[in-house]
Amino acid sequence: MQGFGVDIGGSGIKGCLVDLDQGKLIGERLRIETPQPSLPEPVYGVVAQIVAHFGWTGRIGVTFPGVMKHGVAHTAANVDKSWIGTDVDAGLDALIPGTVETLNDADAAGIAEMRYGAGRDKRGVVLMLTFGTGIGSALFVDGHLVPNTEFGHIQVDGEDGERRASAAAREREELSYPEWAQRVDRYLDVLEAGVWPDLIIVGGGVSKKAHKWVPLLSTRTPVVPAELQNDAGIVGAALAAQERTDR
C-alpha cells in the first residue's frame, strides 16, 4: 500500500511517496527550502508543489512544527508566529487534490518509529526525541500516542531545553560531540525526573551520527538511535493520513 507524506520544517520542506507496508520511501524525496519569512501561504505553495511533482492525488499527511489540534496550529516553533490560530488543514485543502491530515512533526516521527523502527513492539513508556532546529518530542504509552507533548520547552537550568541541547545549538556554538553530549545528558536528566520512560529514541538529522554522542550519555534510560533517521516524519505523516480515515 502506498501513501504520501510531507514534512514541514523551519529550514526545509520535504515529501515523498511512502511504502506503508515496509515503512520506506519510494524513490527520492523532494526537498525545497522553507520560504523566508515562513508565512502560511508561501509554505502552502511549496507543499502543493511537492505533491504535484509526484502527481499524487490521494490522501496526504503533513507534519507541522507545533501543537496541532483538529487541523489548527496552536504554537509555531521555528516558523513564523502568524501560523498560530491558522487552520492548516483548510489552507492546504484549498491547494491540494487529496484530503489532508496534519499532525505535529515529532508525533509523526514517533508514529513511524513505533510502527517500523526502534520502537516496534515496545511496551511501557517510550519517548521519541528529534534533535534539529529545536527538540521535538513524542510520548507513547503501550504503543498509544499522547499527542502534542512539547518537551523541548521544559526548563533546564533556567532556559528552554532546546536552546542549549538542540542540534542547532551544537552547530551555533560550534560544540564538539562530547561537549554537546554533556548538554543532552543534562536535558535528559531533567526530562527523566518527570516522565520516567522505559526507552528513549533519538532522531533528527543528528541521529545519523549517533555513534559519536549516544554512547557518551549517562542516562538511566536506554537510549537508541531512530532507525528511519530523517525520513521518519514523512513516513509517519503518510501512515497517519492512511489510518485516520474518520475525518
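Structure: see above.
Here the structure is a predicted model, which means the values were calculated and not measured. (Residues numbered from 1 in each chain as written. Predicted model: local features only at pLDDT ≥ 70, side-chain atom pairs only at ≥ 80, totals over all residues. Heavy atoms only, no water.)

A. Structural view of the overall build of the chain. Each helix and strand counted, the chain has 7 helices and 14 strands in total. Taken over C-alpha atoms, the radius of gyration comes to 17 Å for the chain, in line with the 18 Å a tight globule of 247 residues would show. Once the C-alpha set of the chain is aligned to its principal axes, its extents read approximately 50 × 40 × 30 Å. Looking at the chain as a whole, 55% of its 247 residues are labelled buried. Summarising the internal contacts of the chain: among those between residues at least 6 apart in sequence, 62% fall at separations of at least 24. For the chain, the exposed surface amounts to about 10700 Å²; the carbon and sulfur share of it is 50%. Averaging the positions of the 23 positive and the 33 negative side-chain charges in the chain gives two centres separated by 3 Å. (Helix = DSSP H or I, 4+ residues; strand = E, 2+ residues; numbered from the N terminus. Rg over C-alpha atoms; globule rule 2.2 N^0.38 Å. Buried < 20%, exposed > 50% of the residue type's maximum accessible area, 1.4 Å probe, protein only. Contact = heavy atoms within 4.5 Å. Areas by Shrake-Rupley, 256 points an atom, 1.4 Å probe, with all protein chains shown as cover. Lys, Arg positive; Asp, Glu negative; His and termini not counted. Charge placed at Lys NZ, Arg CZ, Asp CG, Glu CD.)

B. Fine view of the sheet that holds strand E14 (residues 223-225). Within the open sheet, the 5 strands sit side by side as E10-E9-E8-E13-E14. Their pairing is mixed. Edge positions in the open sheet fall to strand E10 (144-146) and E14, since each of these has one partner strand only. Neighbour to neighbour, the strand axes of the sheet diverge by 30 degrees on average, direction disregarded. Judged from the 7 bridges that link them, strand E8 (residues 125-131) and strand E9 (residues 135-141) form a sheet pairing that is antiparallel. Following the sheet pairing, Thr130 is matched in E9 by Gly136. Sheet strands touched by helix H3 (residues 105-116): E8, E9, E10 and strand E13 (199-203). Its angle to E9, the strand with the most contacts, is close to 50 degrees. (Pairing = 2+ DSSP bridges. Axes fitted to C-alpha atoms, helices over the stretch in contact; angles between N-to-C directions.)

C. Just the pairing of E13, in detail. Among the 5 residues in E13, 5 count as buried, and that is most of the element. Here E8 runs beside E13; their pairing, made up of 5 bridges, is parallel. When the sheet's bridge partners are listed, Thr130 is paired in E13 with Gly203. By the bridge criterion, 3 bridges tie E13 to E14 in an arrangement that is parallel. Bridge pairing in E14 links Ile201 to Val224.

D. Representation of the pairing of strand E4 (residues 60-64) in the model. Most of E4 is tucked away, with 5 of its 5 residues classed as buried. A two-sided burial pattern is seen for E4, the buried positions comprising Ile60, Val62 and Phe64 on one face and Gly61 and Thr63 on the other. Pairing of strand E1 (residues 2-8) with E4 involves 3 bridges; the strand directions are parallel. Considered in E4, the bridge of Gly5 is made with Gly61.

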